[in-house]
Each structure stands twice: as C-alpha cells, then as structure tokens.
Amino acid sequence: MINNIAVARKYQSGLDDAYIVYEMIVEGGITRLLALYKDANVDRIGSVRSSRHYYLDYALENDAIYVHFGWSPQAQSDIKTLGINNINGIYDDSAFVRESKLPVSWEHNAFTSTKGLEAGMKALKYRKNYKKNYEGHFKFYDTDSDLPDGKTAKKVTVKFSGYASPYFIYDADKKVYKRYQYGRAHIDTANNKQLSFKNLIIQYVDD
C-alpha cells in the first residue's frame, strides 16, 4: 500500500519496479496505490500506508502477500476472516524502516524493501510460491496489436476527485503512457524516472 498524498509524493520510491499498480480513491478525495512486485529486487518501497478493505480483492486475485502499515476496522476484520497473508508494520516492524529525517509527519515516513519483506515472510512462515493451478489475473498479448474497433487515446485523464486527477500521455516512440499527477510528471525518486505504463485499465464501479 503506497502513499500518494501530495505532501509525500516527492519521496515515493519503488513504483517503477512494480509490474502492476492499482489506484483507488480513499477518504478525502486522495488515492493510494497498490503496487505488485514479482521477481524484483527493490531497495526502497514506500512510503507504506494503511489498508482499506476494498484493496483486498486485488491482493486475493493476484495471490499476493498484502503489505501495509495499519488498517481500517473493516480491513482488519476482513484480513482475519479471509485468512489473507499480510505483513503489517504495526506488528511486523522488522520489515520496515522509519526515515525520520524526512520533512513529513510520522505517518508518511515508513518504508520497506524486498529484502525486508523477504525477512518478514520468512518470520511469518508464508509460502513463496503461487497456489496450485494459479494462472495469473491478466493475460496480455505477447506482441503489440491494434484493436479493430479501437480509438486513439493520446491523453487519458482519470478524475478520481477534485484533489486527484492523474493523467497519462502516450509516447508513440516508446509505446507507453507516461504518468502525470498534481500538475507535473510522476517521478520515482529511487531512480528519478517518470512512471510509464504499457497498459491502462480504467474501471468505473458503483459505490
């Protein structure tokens, strides 16, 4: 669970190494990011924030170990009821570090790494392999192809709220969508690269 509030944005790290990133709105019009990692070695991931129950669907369908720092009451109940393997910074703090020198408040300075999470998984005796017969959630074409009824989408804006309206601009040379938010390029501070995505999936759902 990655922090995405504006005050902490410039300290975000590790998103460029994720192979899937989910974004959903939480309270106050802000969003949080659920970043999935596989076969990655990432030195700094975060900052890590608390769980919300509706993110659990995506942890489950990806057969992921869910990493968070705290939880809402419903998320706490659902994690227990559903038996979701999770690493919670409140109880499993050995997987996290506090970067107390950052000029942000306490809730924005918890970070982890794949090395720290490996240690946490080992201590909690979580399995490291997918469940039997798990085939993955998304299936993508191996090569680029145009949909016969497709439309040009050079710029895509996702208006979550008046506070959070990230947008993506297509780079035709690299064949990726480059991400912008809060009026500027969305940069991963670990490598100073702008976040880019080959596929965008936007889903509208009822409350």
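Residues numbered from 1 in each chain as written. Predicted model: local features only at pLDDT ≥ 70, side-chain atom pairs only at ≥ 80, totals over all residues. Heavy atoms only, no water.

1. What to know about the overall build of the protein
- A tally of helices and strands in the protein yields 4 helices and 14 strands.
- Relative to the compact-globule value of 17 Å for 207 residues, the protein shows a C-alpha radius of gyration of 17 Å, a close match.
- C-alpha extents for the protein along the principal axes are approximately 50 × 45 × 35 Å.
- Expressed as a percentage of its 207 residues, the buried residues of the protein come to 41%.
- In the protein, 50% of the contacts between residues at least 6 apart in sequence involve partners at least 24 apart.
- With the model as given, the accessible surface of the protein reaches about 13000 Å², and the carbon-plus-sulfur share is 50%.
- Looking at charge distribution, the protein has the averaged site of its 29 positive side-chain charges lying 4 Å from that of its 25 negative ones. (Helix = DSSP H or I, 4+ residues; strand = E, 2+ residues; numbered from the N terminus. Rg over C-alpha atoms; globule rule 2.2 N^0.38 Å. Buried < 20%, exposed > 50% of the residue type's maximum accessible area, 1.4 Å probe, protein only. Contact = heavy atoms within 4.5 Å. Areas by Shrake-Rupley, 256 points an atom, 1.4 Å probe, with all protein chains shown as cover. Lys, Arg positive; Asp, Glu negative; His and termini not counted. Charge placed at Lys NZ, Arg CZ, Asp CG, Glu CD.)

2. Let's talk about the packing of aromatic side chains
- Applying the stated rule across the entire model yields 10 aromatic pairs.
- A centroid spacing of 5.2 Å and a plane angle of 80° characterise the contact between Phe 69 and Phe 96, whose relative ring orientation is edge-to-face. Here Phe 69 is found in the loop between β4 (66-68) and α3 (73-82), whereas its partner Phe 96 is found in strand β6 (residues 96-98), with 27 residues between them in sequence.
- Assessed through its relative accessible area of 15%, Phe 69 is described here as buried.
- Between Trp 71 and Tyr 91 the ring centres are 6.1 Å apart and the planes differ by 55°, which places this aromatic pair in the tilted class. Of the two residues, Trp 71 sits in the loop between β4 and α3 while Tyr 91 sits in the loop between β5 (86-88) and β6, which places them 20 residues apart along the sequence.
- Looking at Tyr 91, the relative accessible area reads 56%, which means it is exposed.
- Of the aromatic side chains, those joined through ring pairs into one cluster are Phe 69, Phe 96 and Trp 106.
- Taking the ring centre of Tyr 167 as reference, the NZ or CZ of Lys 155 above it sits at 4.6 Å. (Phe/Tyr/Trp six-rings, centres within 6.5 Å; stacked < 30°, edge-to-face > 60°. Lys NZ or Arg CZ within 6 Å of the ring centre and 35° of its normal.)

3. Brief notes about the environment of Leu 117
- By the element assignment, Leu 117 lies in helix α4 (residues 114-124).
- Taking the C-alpha atoms as reference, Leu 117 lies 11 Å from Asn 88; in sequence the two are 29 residues apart.
- Setting aside anything within four residues of it in sequence, one finds Leu 117 in contact with Val 67, Ile 87, Ala 95 and Thr 112.

4. Notes on the pairing of strand β9 (residues 167-171)
- Taken together, the 3 bridges between strand β8 (residues 155-157) and β9 define a ladder with antiparallel strand orientation. Each bridged residue has a counterpart across the sheet, and for Val 156 the counterpart in β9 is Phe 168.
- Judged from the 5 bridges that link them, β9 and strand β10 (residues 176-181) form a sheet pairing that is antiparallel. Residue Tyr 167 lies in a different strand from β10, and its bridge partner there is Tyr 180.
- Between β9 and β10, which pair antiparallel in sequence order, lie 4 residues; one of them, Lys 175, sits at a positive phi of approximately 60°. (Pairing = 2+ DSSP bridges.)

5. Considerations on the side chain of Asp 171
- Assignment of secondary structure puts Asp 171 in strand β9.
- What makes Asp 171 buried here is its relative accessible area of 15%.
- A distance of 3.0 Å separates the side chain of Asp 171 from the backbone nitrogen of Asp 173, its partner in a polar contact. (Polar contact = N/O pair within 3.5 Å; in protein donor to acceptor, adjacent residues only side chain to side chain.)

6. Comments concerning the pattern of salt bridges
- The full count for this structure, using the stated rule, is 6 salt bridges.
- One salt bridge connects Arg 52 with Glu 27, and the closest N-O pair in it is separated by 2.8 Å. Here Glu 27 lies in the loop between β1 (20-25) and β2 (31-36) and Arg 52 lies in the loop between β3 (45-46) and α2 (56-61), a separation of 25 residues in the sequence.
- Lys 178 is paired through a salt bridge with Asp 171; the nearest N and O atoms lie 3.1 Å apart. (Salt bridge = Lys/Arg side-chain N within 4 Å of Asp/Glu carboxyl O.)

7. Concerning the nonpolar core
- Within the largest apolar cluster, 15 residues are counted, with the highest numbers of intra-cluster contacts made by Tyr 22, Leu 34, Tyr 55 and Tyr 66.
- Of all the secondary structure elements, the ones that give two or more residues to this core are β1, β2 and α2.
- With near-sequence residues (within four places) excluded, Tyr 66 lies in contact with Met 1, Leu 34, Ser 51, Arg 52, Tyr 55, Leu 56, Ala 59, Ile 79, Ile 84, Asn 85, Asn 86 and Ile 87.
- Val 48, Val 67, Ala 95 and Tyr 126 belong to the second-largest nonpolar core, a separate cluster that totals 10 residues. (Core = buried A, V, L, I, M, F, W, Y, C linked by side-chain atoms within 4.5 Å.)

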